[in-house]
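Okay, here's what each chain looks like letter by letter:
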Amino acid sequence: MRKYIIKRILFSIVILFFVTLIIYTLIRCLPTSYVETMAMQLATKPGSKPYQEWLDQLNASYGLDQPIPVGYVHWLKDFFTGNFGDSWRFTVPVVEEFKSVIGVSFIMGAIVLVLELLISIPLGVLAATKQYSKTDYIVSASALVGISLPTFFFATILKLIFAVKLGWFDTHGMVGRNFAQLDDIGQLLDKCRHLVLPIATLTIGSIGSLMRYTRTNMLEVLNADYIRTARAKGVSESKVIYRHAFRNTMIPLVTIIGGSLPGLFSGALITETLFSIPGIGYASYQAMVAGDIPFTMFYLTFIAILTLAGNLISDILYAVVDPRVRITA
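Please read these numbers as outputs of a predicted model, since none were measured by experiment.

Asks: So, the side chain of Glu 97: which residues are in play, and what are the values?
Replies: The residue Glu 97 is located in helix H5 (residues 94–129) in this model. Comment: no salt bridge for buried Glu 97; closest opposite-charge side chain is Arg 89, at 7.8 Å. Those residues in contact with Glu 97, other than ones at most four positions away along the chain, are Phe 90, Val 92, Ala 283 and Phe 295.

Asks: If you had to explain the packing of aromatic side chains to someone new, which residues and values would you point to?
Replies: In this description, a pair of aromatic rings is defined by centroid distance and the angle of the planes. Enumeration over the complete set of coordinates arrives at 14 aromatic pairs. Relative to Phe 295, the ring of Phe 90 has its centre 5.6 Å away and its plane inclined at 65°; by these criteria the two rings are edge-to-face. Highlighted residues: Phe 90 in the loop between helix H4 (68–80) and H5 and Phe 295 in helix H14 (residues 293–321), separated in sequence by 205 residues. Accessibility classification places Phe 90 together with Phe 295 in one group, the buried group. Grouped by ring-pair contacts, the aromatic residues Phe 17, Phe 18, Tyr 24, Tyr 72, Trp 75, Phe 79, Phe 80, Phe 84, Phe 98, Phe 298 and Phe 302 constitute a single cluster. Here Lys 159 stacks its cationic end above the ring of Phe 275, 4.9 Å away from the centre of that ring.

Asks: With reference to specific residues and values, describe helix H6 (residues 134–148).
Replies: Between its first and last C-alpha atoms H6 spans 21 Å; for 15 residues at 1.5 Å apiece the expected length is 21 Å, and the two agree. All of the buried residues along H6 are Asp 136, Val 139, Ser 140, Ala 143 and Gly 146. Take H6 and look down its axis: the buried residues cluster within an arc of 125°, on one side only. For H6, the exposed residues set more than 90 degrees away from the buried face come down to Lys 134, Tyr 137, Ile 138 and Ser 148. On its buried face, H6 is in contact with H5, helix H7 (151–165) and helix H8 (184–222).

Asks: Describe H7, naming the residues involved and giving the relevant values.
Replies: Here H7 contains 15 residues, and its C-alpha end-to-end distance of 20 Å stays within 8% of the 21 Å for a straight helix at 1.5 Å per residue. Where H7 bends most, the angle comes to about 30°, and this point is Lys 159. Those residues of H7 that fall on the buried side of the exposure criterion are Phe 154, Ala 155, Leu 158, Lys 159 and Ala 163. Contacts from the buried residues of H7 go to H6, H8 and helix H12 (269–274). Where H7 ends, the next residue or the one after it, Gly 167, has phi of about 70°, a positive value.

Asks: Tell me about the packing of helix H1 (residues 2–28) against H4, and name the residues and values.
Replies: Closest axis-to-axis distance for the H1/H4 pair is 10 Å, and the angle between their directions is 125°. Taken together, the axis directions place H1 and H4 in an arrangement best described as oblique. Relative to H4, H1 is oriented so that their crossing is right-handed. Contact residues: H1 offers Phe 17, Thr 20, Leu 21, Tyr 24, Thr 25 and Arg 28, while H4 offers Ile 68, Gly 71, Tyr 72, Trp 75 and Leu 76.

Quick notes on the rules
Residues numbered from 1 in each chain as written. Predicted model: local features only at pLDDT ≥ 70, side-chain atom pairs only at ≥ 80, totals over all residues. Heavy atoms only, no water. Helix = DSSP H or I, 4+ residues; strand = E, 2+ residues; numbered from the N terminus. Buried < 20%, exposed > 50% of the residue type's maximum accessible area, 1.4 Å probe, protein only. Lys, Arg positive; Asp, Glu negative; His and termini not counted. Salt bridge = Lys/Arg side-chain N within 4 Å of Asp/Glu carboxyl O. Contact = heavy atoms within 4.5 Å. Phe/Tyr/Trp six-rings, centres within 6.5 Å; stacked < 30°, edge-to-face > 60°. Lys NZ or Arg CZ within 6 Å of the ring centre and 35° of its normal. Expected span 1.5 Å × (residues − 1). Arc of directions from axis to C-beta. Bend = angle between axes of the 7 residues up to and from the residue. Axes fitted to C-alpha atoms, helices over the stretch in contact; angles between N-to-C directions. Parallel < 35°, antiparallel > 145°, perpendicular 65-115°, else oblique. Left-handed = near helix turned anticlockwise from the far one by under 90°.

Next up, the structure:
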C-alpha cells in the first residue's frame with residue numbers, strides 16, 4: 001500500500017505540472033486583463049501618460065512582458081516557495097482573500113454532500129427494490145429532472161416562490177438589513193437563513209445523478225447469482241437487500257464519494273453568483289472576469305490538487321471496502 005501511494009503521488013505531481021502549464025497558458029491568452037483595465041483608467045486622468053506607456057509599465061511590473069514559458073517558470077518557482085502574490089482584483093494577498101471566502105463555500109459544500117447522500121442513496125435503493133412501480137417511476141423522473149434542468153432554473157424558481165411570493169428568505173446576500181442590530185445568535189441565524197436557498201439549489205441539482213447511479217448498481221447486484229441463492233435459502237428480504245446487496249452497491253459509490261472532495265472547497269460558481277454569496281466560487285468568478293492571474297492560478301491549481309487527491313482517496317477506499325481488490329505497486 002505504501003509503495004502504491006508513493007507511486008500515485010509522484011504520478012500526480014507530473015500530472016499537476018502539465019495541468020498548471022495548460023492553465024497558465026490559457027490565462028495568459030485571455031482577451032480581457034485587469035492590467036489593461038487599470039492602464040485605461042490611469043490614462044484617462046488629467047496629465048497622465050498615454051495608455052500604451054501605462055500598459056507597458058504595468059506588464060513589466062507584473063512580469064507579463066515575458067514569454068509564456070519564462071513566465072510559467074517564474075510562477076512555478078514562486079508557487080513552490082509559497083509566494084502566491086497579491087490579487088489584482090481584491091488588492092490583498094491571494095492567500096488572505098482565499099481564507100476569507102473559503103469558509104462559506106466549505107460549509108455549503110459539506111451540508112450539500114450530507115444531504116445528497118441522505119436523500120439520493122435511500123431513494124435509489126427504494127427505486128431499485130420496487131422496480132417498475134409508481135415509486136420507481138417517480139424517483140426516476142425526479143432524478144431526470146434534477147439532471148436535465150440547469151442550476152439557474154432551480155435558483156430562479158426557489159427565489160420566485162420562497163423569496164418573492166412568500167417572503168420567507170432574501171433573494172441575495174449573506175446578511176439582512178437589520179443584521180447589525182441583532183445579537184450573536186440572531187446574526188448566526190440570519191446567516192443560516194440566507195444559506196437555505198443556495199443549499200437547496202445545490203442539493204436539488206446534485207441528487208439526480210447519484211440517485212440514478214445508486215439505482216442502477218443496486219439493480220445489478222440484486223440480479224446477481226448469490227442474491228438469488230440467498231433468497232432460495234430463505235433469507236429475509238430485508239437482510240438480502242440491506243446486508244448483502246446494499247453492501248456491494250456501496251463499492252462503486254465510494255468512488256463518487258471520494259471524488260466529491262474538490263466540491264467541498266471549489267465552491268459553486270453559478271449558485272454563489274446568483275445569490276451573491278461571498279464564497280470562493282463567487283470570488284473566482286470576479287477574479288476571472290477581471291483577468292486576475294494570481295488569484296485565478298492559485299484557485300485552479302488548488303482545485304487540481306484536490307481532484308488528484310480525491311482520485312487517490314477513491315482508489316484507497318475502494319480497496320478497503322472491497323476485500324477482493326488488492327493494491328499492488
